[in-house]
Amino acid sequence: MEIILNTGLDSLEFGDGTEKAIAIFGQPDNTEIIDEAEIDWTLIHNYPETGLAIMFDGREKPAFFSCDCTSEDLVLAGKKIIGLPQQDIIALMHDLGYDNPETEDENWGEKRVSFELAGIDFYFEEDELVAVSWGKEFE
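Residues numbered from 1 in each chain as written. Predicted model: local features only at pLDDT ≥ 70, side-chain atom pairs only at ≥ 80, totals over all residues. Heavy atoms only, no water.

Trainee: Looking at this structure, I do not really get the packing of aromatic side chains. What am I missing?
Mentor: Within a pair of aromatic rings, the relevant descriptors are the distance that separates the centres and the angle that separates the planes. For the coordinates displayed, the defined rule picks out five aromatic pairs. Taking the centre distance of 6.3 Å and the plane angle of 55° together, the rings of F56 and F64 count as tilted. Given a relative accessible area of 0%, F56 falls into the buried group. Take F64: its relative accessible area is 0%, and that puts it in the buried class. A centroid spacing of 6.1 Å and a plane angle of 85° characterise the contact between F115 and F122, whose relative ring orientation is edge-to-face. Looking at F115, the relative accessible area reads 2%, which means it is buried. (Phe/Tyr/Trp six-rings, centres within 6.5 Å; stacked < 30°, edge-to-face > 60°. Buried < 20%, exposed > 50% of the residue type's maximum accessible area, 1.4 Å probe, protein only.)

In structure tokens, the structure reads:
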């Protein structure tokens, strides 16, 4: 599974529909719908065996806009990244042209390192990358 910054995951591009996601990753093990007044309607395809969650928004025509992944097979710029220390991730992002990350200690215990222009958040436990979230905002 390869992160393509500001584009998507593997050949699934931001804006693609659920049919393409299913064609690439298969039927999800389960799905969730978040339909709360304070956020937009969101459909989530969960693939627990691979640690992948694919999110779609738009009730009428769901479009891929975000991913969360914990898979040890997750690749960015040709390099497996889960398990890497924070300094290696920051250096990799620098090599890709992204600097000045925002960091925050989350209330559940992980440290988040975000690169806003790349649309990506890295989550660390004890300086080891455990999860990645990335996406694209649509106007």
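Trainee: I'm lost on the side chain of T18 in this one. Help?
Mentor: Structurally, T18 is set in helix α1 (residues 18–25). Overall, T18 belongs to the buried group, its relative accessible area being 14%. When residues no more than four places from it in sequence are discounted, the contact partners of T18 are L43, H45, F56 and P62. (Helix = DSSP H or I, 4+ residues; strand = E, 2+ residues; numbered from the N terminus. Contact = heavy atoms within 4.5 Å.)

Trainee: Sorry if this is basic, but what is going on with the sheet that holds strand β3 (residues 12–13) here?
Mentor: Backbone-to-backbone hydrogen bonds join strands into a sheet, with any given pair of strands oriented parallel or antiparallel. The strand order across the open sheet formed by five strands is β3-β2-β1-β8-β9, and the pairing between neighbours is mixed. Each edge of the open sheet carries a strand with a single partner, namely β3 and β9 (79–80). Looking at chain direction, strand β8 (residues 75–76) and β9 are connected through two bridges and run antiparallel. Across the sheet, residue V75 finds its bridge partner in β9, namely K80. (Pairing = 2+ DSSP bridges.)

Trainee: How should I be thinking about the pattern of salt bridges in this particular structure?
Mentor: Two side chains of opposite charge can pair, provided their charged atoms sit close to one another. For the structure shown, the criterion picks out six salt bridges. Salt-bridge contacts for K80 lead to D73; the nearest nitrogen and oxygen are separated by 3.4 Å. Overall, the relative accessible area of 44% leaves D73 in the partly exposed class. Of the charged contacts, one joins E104 and R112 as a salt bridge, the two residues approaching to 2.5 Å between their closest N and O atoms. Residue class for R112 comes out buried when judged on its relative accessible area of 10%. Each of E102, E104, E106 and R112 takes part in one network of salt bridges that share partners. (Salt bridge = Lys/Arg side-chain N within 4 Å of Asp/Glu carboxyl O.)

Trainee: Would you mind going over the environment of F122 with me for this structure?
Mentor: Mapped onto the elements of the fold, F122 is located in strand β12 (residues 120–125). The spacing of F122 and I82 is 40 residues in sequence and 9.5 Å in space, taken between C-alpha atoms. Apart from residues lying up to four places away in sequence, F122 is in contact with L76, I81, I89, M93, K111, R112, V113, F115, L129, A131 and V132.

Trainee: How should I be thinking about the pairing of strand β13 (residues 128–135) in this particular structure?
Mentor: On a regular strand, one side chain projects to one face of the sheet and the next to the other, so that they alternate. With six of eight residues buried, β13 is to be regarded as a mostly interior element. Sheet topology note: the strand β7 (residues 63–69)/β13 ladder contains four bridges and is antiparallel. Paired with C69 across the strands is V132, a residue of β13. Where β12 meets β13, six bridges bridge the pair, whose relative direction is antiparallel. By the bridge assignment, F124 is partnered in β13 with L129. Linking β12 to β13, which pair antiparallel, is a turn of two residues; within it E126 sits at a positive phi near 50°.

Taken by themselves, the reported measurements are silent on function.
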